[in-house]
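Spelled out, the chains give:
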Amino acid sequence: MEIYIVFTDTKTNLAKMIKNCTRYPFSHVSLSFTKDLSQMYSFGRKDTDNAFIAGFVKEDVRDHLFQRADCAVCKLDMTQQEYERIWAYVQKMEREKDSFKYNFTGLFAVALNYNFNRKNAYFCSQFVTEALAAGDIWLAEKPPALMTPRDIFSSDSMEMIYRGDMRNYPHLEPITDYVLTPRLLEAVQ
């Protein structure tokens, strides 16, 4: 079994600020259960136009923020039992998503190397680390509240399968543009 760890730079103002602090090319990390990234989760924007409306999200790589993003996609091999425990953890979070918040305070605490945990609040790399820990997978010897995308990316446990523009990721399902021809319009009316 395998899970995909997706690192992105969405080129937003918040992403630029994070990259300036971390001096690292990727400001966001997500967890995908499928190679085509159709089952991708993280803590981030619930409203793509407002960074402050954030929390647990099932992400859509077809969204305009991801389509302009630089990314790296890494594969992490695991046992079926580890995969199932991580999947169960993420699905429980998805069912209870309204009870979770984005850990903005924790994000700034990382810059000060301060292990700050808020109940039911996560930032992206903290979430990915906690989800993997649910499957008993540890990528670094750091508490989840201090993990950064760089810490996760630095793990020797993963294999990079792609790096480049998200819109050119070879495993994405093609985007179909539906054009209503006059004949189809007649059928609809």
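Residues numbered from 1 in each chain as written. Predicted model: local features only at pLDDT ≥ 70, side-chain atom pairs only at ≥ 80, totals over all residues. Heavy atoms only, no water.

Caption draft 1: Highlighting unusual backbone geometry. Phi is positive for N113, close to 55 degrees, though the residue is something other than glycine. Mapped onto the elements of the fold, N113 is located in the loop between helix 4 (104–111) and strand 7 (121–122). Judged by its relative accessible area of 55%, N113 falls in the exposed class. The residue N120 is not glycine, and still its phi comes out positive at about 55 degrees. Inspection of the secondary structure assignment puts N120 in the loop between helix 4 and strand 7. Residue N120 is classed as partly exposed on the basis of its relative accessible area, which comes to 28%. (Helix = DSSP H or I, 4+ residues; strand = E, 2+ residues; numbered from the N terminus. Buried < 20%, exposed > 50% of the residue type's maximum accessible area, 1.4 Å probe, protein only.)

Caption draft 2: Spotlight on the packing of helix 3 (residues 80–95) against helix 5 (residues 124–134). For the pair helix 3 and helix 5, interaxial distance at closest approach is 7 Å and the crossing angle is 130 degrees. When the interaxial angle is binned, helix 3 and helix 5 end up oblique. Two packed elements cross with a definite hand, and for helix 3 against helix 5 that hand is right-handed. On helix 5, the residues touching R85, I86, Y89, V90 and M93 of helix 3 are F127, E130, A131, L132 and A134. When its residues are assigned to classes, the contact of helix 3 with helix 5 shows eight nonpolar, no polar and two charged. (Axes fitted to C-alpha atoms, helices over the stretch in contact; angles between N-to-C directions. Parallel < 35°, antiparallel > 145°, perpendicular 65-115°, else oblique. Left-handed = near helix turned anticlockwise from the far one by under 90°. Contact = heavy atoms within 4.5 Å. Nonpolar A, V, L, I, M, F, W, Y, C, P; charged D, E, K, R; others polar.)

Caption draft 3: Structural view of the confidence of the model for the protein chain. The predicted model of the protein chain averages 89 in pLDDT, with 92% of residues at 70 or higher. Mean pLDDT per element in the protein chain: helix 7 (residues 182–188) is the minimum at 44, and helix 3 is the maximum at 98. Taken as a whole, residues 177–189 scores under 50 in pLDDT and shows two contacts with residues more than four places along the chain or in a different chain. (pLDDT = per-residue confidence, 0-100.)

Caption draft 4: Representation of the nonpolar core within the structure. Among the nonpolar cores identified, the biggest contains 37 residues, and I5, F7, L31, I86, F127, L132 and I152 are the most heavily contacted of them. When residues of this core are traced back to their parent elements, those giving at least two are strand 1 (2–9), strand 2 (28–32), strand 3 (40–47), strand 4 (50–59), strand 5 (70–77), helix 3, helix 4 and helix 5. With five residues, the top contributor of residues to this core is helix 5. Leave out the neighbours within four places in its chain, and F7 touches F26, H28, V29, D70, C71, A72, C74, P149, I152, F153 and M158. Judged by nonpolar contacts, the second largest core, of 13 residues, contains F66, C71, Y162 and Y169. (Core = buried A, V, L, I, M, F, W, Y, C linked by side-chain atoms within 4.5 Å.)

Caption draft 5: Quick look at helix 5. Most of helix 5 is tucked away, with nine of its eleven residues classed as buried. Taken together, the buried positions of helix 5 are C124, S125, Q126, F127, V128, T129, A131, L132 and A133. Note on helix 5: the residue one or two positions beyond its end, D136, has a positive phi of about 65 degrees.

Caption draft 6: Looking closely at the packing of aromatic side chains. Tallied over the entire structure, the rule returns 20 aromatic pairs. For the pair F7 and F26, a centre-to-centre distance of 6.3 Å together with 45 degrees between the ring planes defines the contact as tilted. Residue F7 is located in strand 1, and its partner F26 is located in the loop between helix 1 (13–22) and strand 2; the two are separated by 19 residues in the primary sequence. F7 sits in the buried class, given a relative accessible area of 0%. On the basis of relative accessibility, which here comes to 3%, the residue F26 falls in the buried class. Centroid distance F43 to Y122: 5.1 Å. Interplanar angle 45 degrees. Geometry classified as tilted. Of this pair, F43 sits in strand 3 while Y122 sits in strand 7, placing them 79 residues apart in sequence. With respect to class, F43 is no different from Y122; both count as buried. Ring pairs connect the aromatic residues F33, Y41, F43, F56, Y83, W87, F100, Y122 and F127, which therefore count as one cluster. (Phe/Tyr/Trp six-rings, centres within 6.5 Å; stacked < 30°, edge-to-face > 60°.)

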